[in-house]
Structures are given as C-alpha cells and as structure tokens.
Amino acid sequence: MQLHLSPPRELWPSLAARPALSVVDLFDTVRPIFESVEQEGDAALRRYEERFDHVLLDDLRVPAETLAHAADGLDASLLDALRLAKTNIERFHAAQRFSPLIVPTAEGVVCEQHAVPIERVGLYIPGGSAPLFSTVLMLAVPAVLAGCREIVLCTPPDRSGQVHPAILAAAQLCGVERVYRLGGAQAIAAMALGTESVPRVDKIFGPGNAYVMAAKQWASLHGVAIDMPAGPSEVEVIADATCVPAFVAADLLSQAEHGSDSQVVLVAMTEAVAQAVVAEVERQVVELPRREVAERSLANSRILVLPEEKAVVAFTNFYAPEHLIIATERPRDLAQQITTAGSVFLGHWSCESAGDYASGTNHTLPTSGYARAYSGLSLDSFQRKTTWQTLSPQGVRTIGSCVAEMADAEQLAAHARAMRLRMASVEELAVSEEDGAIEAIAPLVRPNIQALAPYSCARDEFDGGNDDTVFLDANESPFGEDGLNRYPDPLQRAVKSKLAPLKGVRPGQIFLGNGSDEAIDLVFRVFCRPAVDNVVVLDPSYGMYEVCAGVNDVECRKVPLRADYSFAAADVLAATDAQTKVVFLCSPNNPTGNLLPEAEVSAVLRDFSGIVVLDEAYIDFSPGSTWRTRLDRYPRLILLSTFSKAWASASIRLGMAFASETIIALFNKVKYPYNVNILSQRRALQLLEHPERIDAEVQTILGERERLRVALIGNVLVQTVFPSDANFLLVRVADAPAVYRALADHNIIVRNRHRVTLCADCLRITIGTPEENDALLCALRDIAAETTA
Ligand code: PMP
C-alpha cells in the first residue's frame with residue numbers, strides 16, 4: 001500500500017484516479033450482438049450463450065417448477081439469513097414511499113406530483129465466480145415495492161445450464177417469476193429489444209462486467225433507461241486514533257477481495273493509525289482464500305495521512321467514494337460535511353458488509369466518482385414522477401392572461417387561443433358557493449383521507465327510528481336502563497338541530513366532538529400529511545395545537561406575537577410555504593387573554609390559501625363578535641367553540657367545530673364512531689333549552705374579572721394585569737414561580753406561565769366565584785405581607 005503523508009492538493013487527482021472507464025471501445029463488440037438479437041431473437045440468444053457461457057440451451061426461461069423448489073437445496077441458516085436481509089431491505093425501502101405533492105399554486109390552480117411505477121423492469125445479476133444473490137434482493141425488493149408490473153431477471157447459467165440455487169431462491173422469495181438463463185451483452189440486448197421469449201423492458205438495473213456495462217450504455221441509446229454507469233467497487237475509510245486497526249484492516253480487505261481492480265483508500269488522521277492498520281492488513285491478508293486478488297488490489301491502494309479534519313473532508317468530497325466508512329470518535333460531525341459519498345457507514349461497528357447484505361440500505365451504488373452526480377438505488381429508481389394540474393374556472397381567471405400574454409410573445413397563436421377561448425367562456429360562469437368550497441378544500445385534503453369511504457352507520461338513515469323500530473344492527477345488549485345500552489350517535493342530529501338556529505349556522509356546518517380538543521386533532525388528520533406538511537401557530541397560544549401537531553408528526557411553526565400580544569398577518573404569512581396546510585389563531589387568545597385584531601385575521605383568510613382555524617373558546621367573554629355568520633364567505637375557515645367555558649359544562653367534554661359542510665363531512669368521515677357519549681348529549685340538549693341562563697353567569701364573571709383586576713393592581717406583588725377579553729387574567733408578578741408556590745401553599749392553584757414566550761413571571765388566573773376570588777385576593781395579601789415583612 002502506498003503511503004502519502006499530507007500529500008499536497010496537486011497530487012489529489014492522481015491519488016483519486018480510477019482505472020479509465022470507457023466502454024465506448026466495446027461498442028464494436030456490443031453492436032453486432034444487438035443487431036443479431038433484433039433480427040433473430042431467441043436463436044441469436046442461444047448462439048451467444050453457446051459462444052460465451054459454453055452451454056446449449058433449449059428453454060431460456062427457468063421453469064416455474066425449478067424456481068419453486070430452488071430453496072429446497074439451500075441450508076436452512078442461509079435461507080433464514082436471506083429472509084432477515086429481505087425484511088430489512090423491505091423496511092428501509094418501504095419507508096421511501098413518496099407522498100404525493102398537492103400544491104395550490106394560485107387561486108383555482110392546483111399542481112400535483114404523483115409517483116407511478118415503471119411498468120417493466122429488467123434486473124441483471126452477474127454470474128462469474130460468486131453467485132450475487134444479495135443483488136437479487138437489492139434489485140427485486142424495491143421493484144416489487146414500487147409496483148413494477150413486469151419484472152424480468154437475467155443471469156448467466158453455468159456450463160450445465162443451471163442457475164445457482166441461491167439466486168433462484170432469492171428471486172422466488174421476492175416474487176420474481178420471470179428468470180432467464182442469459183448473461184452478458186446478449187442478456188441486456190434481449191431485455192432492451194425483446195425477443196419471442198424475453199419481454200422488452202423500460203429500464204435495466206444491475207452490475208456487470210465491462211461488456212454488460214457497454215451493452216447497457218448501448219441500450220440507453222435505444223430508448224431504454226439504465227440505473228447508472230458502474231465501474232469496479234471501491235471503499236474509503238477515514239480513521240482517527242479511536243479506530244480499531246483490526247476492524248479497519250478487515251474493511252479494506254473486504255473491498256480488496258472483490259477484484260484486482262477494486263479501489264481501497266485509507267485516510268488516516270495520524271501516521272500511527274496508518275501504520276497500525278498496515279500491520280493488521282499484512283497479518284489478515286495471508287489468511288484470505290482470495291489472498292491473491294486482494295494483494296493485487298492492495299498494490300494499487302492508497303493511504304493518505306491527513307491530520308486536518310478540513311483536508312479529510314475536502315479530499316473525501318473530491319474522491320467521491322462509493323462506500324465511505326467513518327471510523328472516528330464523532331463520525332456524524334464528519335458525515336454531515338460529506339456531500340459526495342454513495343453510502344456512508346458511521347462509527348466503529350458499522351462495517352460495509354452490513355450494508356452489502358442485510359442492514360436495509362441498497363448496495364447498488366455509484367462508483368468511479370459518479371457519486372458526485374448519481375444516487376444509489378432506492379425505491380425512487382423504480383418509479384417515475386408524473387405531474388397533474390387542475391384549473392378551475394377561477395384558475396382560468398387567475399392565470400389566463402399571463403398564459404395568453406406569454407404565448408403571444410412567443411408567437412404561438414394556437415397556445416394563446418387555447419386559453420383565451422376558455423377565458424371568454426369563464427366570464428359567463430357563475431361559481432356556486434358549494435362548488436367554491438369543494439374546489440378550495442379538495443386540494444388541501446390528505447389523499448388517503450380523500451380516498452376513504454365514509455363510515456356509515458345505517459342507523460343514521462333511520463334518524464334513530466321510531467318506537468316500533470327494532471335495532472339489531474350494532475351488537476349492543478338489548479337490556480339497559482334509560483337507553484344507556486344503545487350507541488349514542490343518532491342523538492347528534494337532535495343536538496345539532498337545536499344548536500344550529502342558536503348559532504346561526506346550518507346543522508351540516510356543525511361538528512360535535514369530545515371536547516373541542518378532538519376537533520383540533522381531526523384538523524391534523526384530515527389536512528396534514530405526517531412528516532411532510534406543517535402548520536403555523538401563534539406563540540404563545542393554546543398548547544394543544546402544538547401537542548396535536550407533535551402527535552401527528554407534523555411540523556409546528558411558531559410565530560411570536562408582537563410585544564402588545566397582537567399579531568400581524570404578514571408575520572404569519574411569512575412563516576408559511578407550499579406545505580403549510582393550517583394556520584391556528586385563537587381569539588381571545590389563551591394565555592394572553594386578548595382578542596386578535598380582526599383586520600389581521602381577515603388578511604390571513606384572504607392571503608393564505610390553506611385552512612384557517614379560529615378558536616373562539618372564550619368569545620362569549622369578549623366584546624368581539626363571532627365569525628360564524630361569515631362562514632359562507634370563507635370556505636376554508638374552521639371555528640372552534642366549546643361547552644367547557646361560558647356554558648359551564650367542562651365536565652361533559654363537548655366541543656364544536658363550525659365550518660363549511662365540505663369540511664364537516666370530512667371530520668365526520670375520520671372521527672371515531674359514537675365519539676360523544678349519550679349523557680353529554682342529553683345534558684347539552686337540556687342546556688340548549690335555556691341558552692339565556694349562561695348570559696347571567698357570563699355577566700357575573702365579567703363583573704368579577706373587573707373587580708379582581710382592580711384589586712390585583714393594588715397588591716404589591718403584582719406588576720401588571722394585562723387587559724382581558726376572556727374568563728381569566730394574565731398577571732405579571734415579581735417572581736411567578738415563587739408566588740405560584742406560595743399560592744399553592746394557601747391551597748390556591750393558578751397556572752404558572754413563567755416559561756411561556758413573552759410571559760416571563762406571568763400567572764394565568766381563572767375568574768372563579770366571588771368567594772373563590774376573595775380567597776385568592778386574601779391569600780395574595782397574606783403572601784405580600786409575608787414577603788415584605
Ligand atoms: N381552545 C382553547 C383556546 C382552550 O383554552 C381550551 C381549553 N382550555 C380548549 C380549546 C379546549 O376546550 P375543550 O374543553 O372543548 O376541549
């Protein structure tokens with residue numbers, strides 16, 4: 001192994017050089033093979049098999065019977081190993097499934113990107129000295145997961161016409177049925193052109209010798225895609241003083257034994273490490289069955305001693321290794337700076353062999369510096385992306401003149417006409433309100449939810465039935481007092497029809513939930529794709545928005561309120577992007593207590609094209625007016641309301657969402673059946689008989705809020721009492737944690753908001769009964785006296 005101590009940069013190109021990889025010279029050999037296969041089909045294939053693989057074949061395809069029994073002759077332990085490897089490869093590749101992108105780019109214009117499988121794929125598995133059955137898993141598993149309809153596998157037979165049983169067993173395990181005894185350029189030509197027995201494919205995958213590579217390149221000039229150019233395998237190991245020299249040596253040798261042209265590079269961060277590794281290599285190489293191959297490869301391998309981390313990173317990015325093992329103390333720090341490696345193995349326990357076989361990553365990787373531009377195989381390699389777009393009449397209005405203008409300028413009159421004809425027709429169209437709502441909402445809904453069949457409870461159709469109806473449809477007990485044996489859902493109709501006139505909405509615009517918290521969760525389930533979409537919330541605001549985002553694996557972007565607890569629509573809009581599905585606003589806001597400026601809420605509704613949730617839990621305590629009456633104007637608006645506050649019924653856990661019928665139908669589709677229990681619904685019906693009752697209680701609370709505010713200002717512990725439009729006061733004291741504890745010692749529990757943004761040293765105090773408020777004031781006076789004494 002050649003040792004280079006801190007080689008200057010001028011030497012890097014020669015140190016990073018690979019054997020020249022020109023397959024163009026081989027085109028003269030490959031071209032006639034393609035021509036014969038094209039003209040003679042199977043007959044040409046048989047002839048080339050005889051010439052190159054020295055076998056006379058009758059049937060090119062491996063019989064189904066042989067495939068079915070391939071595993072019989074294998075060791076049980078090898079079969080178990082294959083199964084475990086397959087499971088891991090499946091896990092990692094299944095997780096790469098692409099979530100469709102659905103992006104409303106302008107009003108009435110929706111652009112989408114969907115993944116579709118490549119219909120027919122060809123997998124090439126080289127023969128030669130070792131049966132590469134691991135490559136069968138690496139190619140076939142993602143092909144099957146991607147949904148490729150036809151999978152063809154070619155691999156050269158031995159002189160008796162047999163394919164190695166491990167290759168067949170792996171193919172069979174993956175569900176590949178079409179296996180052909182074909183090797184070399186003729187196999188590639190067969191898959192690229194199609195013959196009587198071999199189907200033509202759309203994309204060819206897999207490694208091979210120089211002839212196979214040349215044939216793949218030639219095929220790519222003839223309308224077939226290929227996975228990537230490939231040369232001899234290679235590894236770079238970065239090792240610092242924490243490395244285990246025996247491990248590093250074994251890793252280098254595991255690459256060297258592949259072939260005499262394999263590339264092995266060690267970047268040692270000290271000279272001592274380099275020497276220790278060399279000693280280990282010398283000790284281990286003599287024990288290898290493929291010692292000669294390994295030694296020839298080692299003769300061309302390089303050791304660089306680069307003590308500076310910066311140089312290590314720069315050289316590695318320059319070399320662009322297929323495999324990179326980072327055997328250092330903090331491998332992640334280095335890995336984050338590497339931009340060109342095919343696959344990276346982090347830490348002392350992660351050997352390349354793990355990735356070659358069984359960890360789950362794909363081992364088909366770009367070599368020869370192609371890692372600068374190519375990725376290794378993944379699920380994506382077996383799919384294509386198709387874009388969709390939908391323009392509604394509004395979309396024609398929004399971008400029509402832009403399109404026509406550009407077409408005019410490019411002097412493409414027919415292009416301009418295609419749009420202008422539509423622009424003229426659209427003028428005559430009136431968009432119905434319902435169409436408008438469906439059109440605005442449909443692109444925002446998660447595709448899997450959109451595709452769900454609505455849960456149907458047949459009993460809803462009978463509206464709870466009449467006294468004579470016999471219900472034997474839901475496996476309830478027929479016995480029970482007071483109807484408690486029955487599932488409760490039909491009753492929701494009654495609650496909604498009572499609520500609707502009171503709230504000034506249609507029954508179809510009401511969702512009833514197990515607290516309004518349930519509606520918050522459903523917003524995520526309906527609109528936000530986990531790990532893809534995001535929501536924007538104000539900070540501080542009600543904590544459940546962030547909690548539900550976390551539970552649903554949706555990014556929660558926090559926009560700080562202004563110092564006076566108001567907010568600017570511009571700040572919210574600046575935090576949104578194409579993946580922002582929902583903005584949560586809470587007015588009056590918890591914990592700051594203030595109504596949000598209406599003009600800013602309007603601006604968000606106008607300029608943000610996703611869902612706006614406006615939480616009106618505390619609206620009854622404020623001079624502000626509800627947005628319920630404006631729902632028809634804003635099909636993307638969802639209002640939250642609850643029986644837990646002004647309705648004095650927190651214990652029944654009944655919350656409401658008001659929104660367009662389209663959104664409420666989606667909520668009802670994803671909610672669990674019977675989500676609100678019957679006792680809560682009955683209680684709600686009672687409460688709704690006398691809605692006027694709550695007015696008196698709200699007035700008392702407002703009176704108490706004012707009394708408490710004035711009294712608190714008079715307490716020396718209190719620095720600020722923030723104005724409140726809710727049934728609580730946010731109060732800044734000298735030391736919130738201390739006052740909180742002291743109040744708790746007096747048996748009074750308030751909410752400590754000290755750690756919340758903009759609320760340092762703040763307590764949130766709920767307005768209680770006059771007696772409870774007196775108790776609070778009295779306790780605070782005592783604490784003040786104790787503190788100042
Ligand atoms: N929204 C806000 C702003 C709240 O403060 C609360 C509870 N404190 C809720 C919703 C939850 O209400 P429910 O009891 O209906 O789940």
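See the structure shown above.
Residues numbered from 1 in each chain as written. Predicted model: local features only at pLDDT ≥ 70, side-chain atom pairs only at ≥ 80, totals over all residues. Heavy atoms only, no water.

Overview of the site of the ligand
Right, on to step 1. Around the ligand, 13 residues are found, and the nearest of them are Ser-516, Asp-615, Thr-642, Ser-644 and Arg-653.
Right, on to step 2. In the model, an oxygen atom of the ligand is placed 3.1 Å from a nitrogen or oxygen of the Asp-517 main chain.
Right, on to step 3. Take Arg-653: an N or O atom from its side chain is 2.7 Å from an oxygen atom of the ligand.
Right, on to step 4. Starting from 400 Å² of accessible surface for the ligand in isolation, the protein chains cover 91%.
Right, on to step 5. Considered class by class, the residues forming the shell around the ligand number 4 nonpolar, 5 polar and 4 charged. (Near = heavy atom within 4 Å. Polar contact = N/O pair within 3.5 Å; in protein donor to acceptor, adjacent residues only side chain to side chain. Areas by Shrake-Rupley, 256 points an atom, 1.4 Å probe, with all protein chains shown as cover. Nonpolar A, V, L, I, M, F, W, Y, C, P; charged D, E, K, R; others polar.)

Some details on the pairing of strand S18 (residues 580–586)
Within a regular strand, side chains alternate between the sheet's two faces.
Right, on to step 1. Most of S18 is tucked away: 7 of the 7 residues are buried.
Right, on to step 2. Taken together, the 4 bridges between strand S16 (residues 534–539) and S18 define a ladder with parallel strand orientation. Its bridge partner lying in S18, Val-537 is registered against Phe-584.
Right, on to step 3. As paired elements, S18 and strand S19 (residues 611–615) share 5 bridges and run parallel to each other. Of the residues in S19, the one forming a bridge with Cys-586 is Asp-615.
Right, on to step 4. In terms of handedness, the path from S18 via helix H25 (residues 598–607) over to S19 forms a crossover that is right-handed. (Buried < 20%, exposed > 50% of the residue type's maximum accessible area, 1.4 Å probe, protein only. Helix = DSSP H or I, 4+ residues; strand = E, 2+ residues; numbered from the N terminus. Pairing = 2+ DSSP bridges. Right-handed = clockwise from strand over helix to strand, strands pointing away.)

Notes on helix H29 (residues 736–745)
Right, on to step 1. Buried within H29 we find Ala-736, Pro-737, Val-739, Ala-742 and Leu-743.
Right, on to step 2. Contacts made by the buried residues of H29 are with strand S23 (728–733), strand S24 (751–752), strand S25 (762–766) and helix H30 (770–788).
Right, on to step 3. Positive phi shows up at Asn-747, right after H29, with a value of about 70°. (Contact = heavy atoms within 4.5 Å.)

Things to note about unusual backbone geometry
Right, on to step 1. The omega angle of the peptide bond from Asp-539 to Pro-540 is 5°, so this bond is cis rather than trans.
Right, on to step 2. Residue position: Pro-540 is located in the loop between S16 and helix H23 (544–551).
Right, on to step 3. The peptide bond linking Asn-590 to Pro-591 adopts the cis configuration, its omega dihedral lying at 15°.
Right, on to step 4. Residue position: Pro-591 is located in the loop between S18 and H25.
Right, on to step 5. For Ser-6, which is not a glycine, the phi torsion comes out positive at approximately 35°.
Right, on to step 6. Structurally, Ser-6 is set in the loop between strand S1 (2–5) and helix H1 (12–15).
Right, on to step 7. Given the relative accessible area of 44%, Ser-6 is considered partly exposed.
Right, on to step 8. A positive phi is found at Asp-482, a non-glycine position, where the angle reads about 60°.
Right, on to step 9. As for its placement among the helices and strands, Asp-482 is situated in the loop between helix H20 (458–461) and helix H21 (491–503).

Some details on the sheet that holds strand S7 (residues 203–205)
Right, on to step 1. What the 5 strands build is an open sheet, ordered S6-S5-S4-S7-S8; its pairing is parallel. Two strands in the sheet have a free side with no partner beyond their single neighbour: strand S6 (178–181) and strand S8 (225–226).
Right, on to step 2. One ladder, built from 2 bridges, connects S7 with S8; its direction is parallel. Across the sheet, residue Lys-203 finds its bridge partner in S8, namely Ala-225.

Focus: the packing of aromatic side chains
Right, on to step 1. All chains considered together, the criterion is met by 17 aromatic pairs.
Right, on to step 2. Aromatic side chains Phe-524 and Phe-584 sit 5.5 Å apart centroid to centroid with 20° between the ring planes, which places their arrangement in the stacked category. Of the two residues, Phe-524 is situated in helix H22 (residues 516–527) and Phe-584 in strand S18; the sequence distance between them amounts to 60 residues.
Right, on to step 3. Overall, the relative accessible area of 0% leaves Phe-524 in the buried class.
Right, on to step 4. Stacked on the ring of Phe-98, the Lys or Arg Lys-385 has its end atom at 4.6 Å from the ring centre.
Right, on to step 5. Its end group placed over the ring of Trp-627, Arg-630 keeps NZ or CZ at 3.9 Å from the ring centre. (Phe/Tyr/Trp six-rings, centres within 6.5 Å; stacked < 30°, edge-to-face > 60°. Lys NZ or Arg CZ within 6 Å of the ring centre and 35° of its normal.)

As for the layout of surface pockets
Right, on to step 1. Space inside the second largest pocket adds up to approximately 960 Å³.
Right, on to step 2. Residue lining of the second largest pocket: 41 residues in total, with Gly-436, Glu-439, Ala-440, Pro-635 and Arg-636 positioned closest to the centre.
Right, on to step 3. Every element with two or more residues in the lining of the second largest pocket is listed here: strand S2 (101–106), strand S3 (109–117), strand S14 (383–391), helix H16 (393–409), helix H18 (433–441), H25 and helix H26 (661–670).
Right, on to step 4. Ranked by residue count, the leading element in the lining of the second largest pocket is H18, at 7 residues.
Right, on to step 5. Tallied by class, residues from the lining of the second largest pocket come to 17 nonpolar, 11 polar and 13 charged. (1 Å grid on protein atoms, 1.4 Å probe; cavity = no way out; pocket = protein on both sides within 12 Å on 5 of 7 lines; lining within 4 Å. Points joined across faces, edges and corners; volume = space filled by probe spheres on them.)

So, the environment of Val-278
Right, on to step 1. The residue Val-278 is located in helix H11 (residues 271–285) in this model.
Right, on to step 2. Remark: the alpha-carbon pair of Val-278 and Ala-249, spanning 29 residues in sequence, is separated by 7.2 Å.

Here we look at the packing of helix H8 (residues 184–193) against helix H9 (residues 210–220)
Right, on to step 1. Where H8 meets H9, the axes come as close as 8 Å, and the angle between the chain directions of the two elements is 20°. One element, H8, and the other, H9, form an angle in the roughly parallel class. By crossing handedness, the relation of H8 to H9 is classed as right-handed. Between H8 and H9, the residues in contact are Gly-184, Ala-185, Ile-188 and Ala-192 and Tyr-211, Val-212, Ala-215, Lys-216 and Ala-219, respectively.
Right, on to step 2. Counted by class, the contact of H8 with H9 contains 7 nonpolar, 1 polar and 1 charged residues. (Axes fitted to C-alpha atoms, helices over the stretch in contact; angles between N-to-C directions. Parallel < 35°, antiparallel > 145°, perpendicular 65-115°, else oblique. Left-handed = near helix turned anticlockwise from the far one by under 90°.)

A look at the side chain of Gln-492
Right, on to step 1. Here Gln-492 is to be found in helix H21.
Right, on to step 2. Among residues more than four places away in sequence, those in contact with Gln-492 are Leu-512, Lys-671, Asn-675, Val-676 and Gln-681.

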